[in-house]
Amino acid sequence: MEQTLVILKPSAIARGLVGEILTRIERKGFIITGMKMMQLDEQILREHYAHLVDRPFFPGIVKSMTATPVIVMALKGVEAVEVFRKMTGVTNGRKAEPGTLRGDFCMSGQANIVHASDSVENAQIELRRFFKPGEILDYTPENLEFLYADDER
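Everything numeric in this text was worked out from a predicted model, so none of it was measured.

Visitor: Explain the sheet that holds strand β4 (residues 114-116) to me, using residue names and the numbers behind them.
Guide: Strand order in the open sheet made by the 4 strands is β2-β3-β1-β4, with antiparallel pairing throughout. Each end of this open sheet is capped by a strand with a single partner; those strands are β2 (31-38) and β4. Averaged over all adjacent pairs, the angle separating strand axes in this sheet is 20 degrees, with direction ignored. The pairing of strand β1 (residues 2-8) with β4 spans 3 bridges and is antiparallel. In the sheet register, isoleucine 7 faces β4, and the bridge partner there is histidine 115.

Visitor: Which residues make up the pattern of salt bridges, and what are the values?
Guide: Counted under the stated rule, the structure contains 7 salt bridges. Across the pair lysine 86 and glutamate 82 runs a salt bridge, and its minimum N-O distance is 3.2 Å. Of this pair, lysine 86 and glutamate 82 are both found in helix α5 (residues 80-88), 4 residues apart, which corresponds to roughly one turn of the helix. Look at lysine 86 and you get exposed, because its relative accessible area is 58%.

Visitor: Which residues make up the pairing of β1, and what values go with them?
Guide: With 5 of its 7 residues buried, β1 lies for the most part within the structure. Direction of pairing for β1 relative to strand β3 (residues 70-77): antiparallel, over a ladder of 7 bridges. Bridging across to β3, glutamine 3 finds its partner in lysine 76.

Visitor: Describe the packing of aromatic side chains, with residues and values.
Guide: Scanning the entire structure with this criterion turns up 1 aromatic pair. Ring geometry for phenylalanine 30 against phenylalanine 84: centres 5.8 Å apart, planes inclined by 75 degrees, an arrangement best described as edge-to-face. One end of the pair, phenylalanine 30, is in the loop between α2 (18-28) and β2; the other, phenylalanine 84, is in helix α5, with 54 residues separating them in the sequence. For the pair phenylalanine 30 and phenylalanine 84, one class covers both residues: buried.

Rules and cut-offs
Residues numbered from 1 in each chain as written. Predicted model: local features only at pLDDT ≥ 70, side-chain atom pairs only at ≥ 80, totals over all residues. Heavy atoms only, no water. Pairing = 2+ DSSP bridges. Helix = DSSP H or I, 4+ residues; strand = E, 2+ residues; numbered from the N terminus. Axes fitted to C-alpha atoms, helices over the stretch in contact; angles between N-to-C directions. Salt bridge = Lys/Arg side-chain N within 4 Å of Asp/Glu carboxyl O. Buried < 20%, exposed > 50% of the residue type's maximum accessible area, 1.4 Å probe, protein only. Phe/Tyr/Trp six-rings, centres within 6.5 Å; stacked < 30°, edge-to-face > 60°.

Distances and angles like these do not, on their own, reveal function.
Structure representation (structure tokens):
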């Protein structure tokens, strides 16, 4: 099974959306294998958003992503990266489809409540960036047979 990184951004924390988002993650059937709250700083944001550091809007990203602590999660599941990206919706909440997290809970392109890894390779890099060894557990719930058919696991 794949793992993916999810960040509940300050816009989700400040608006009290953590419970709603966690409920949807669990109801979908993702296995939460790691979760913690942390305060991001410019150094980790420069690494995480290296492809955007030279863009004129990068200072706004730093300001919004350091406004409150965030919650980082490691999720496990079959095709976890693709499934969670679909669940997240497009970057701009005004353009995200209803039924997605951004489509249902946000109106912004930047204050868009959640980060989702965009590939399996980037998920592995991002998980190492935000979690120390031993913070992600190899947890498999007892109800796995009710999440996937035998040939999907």
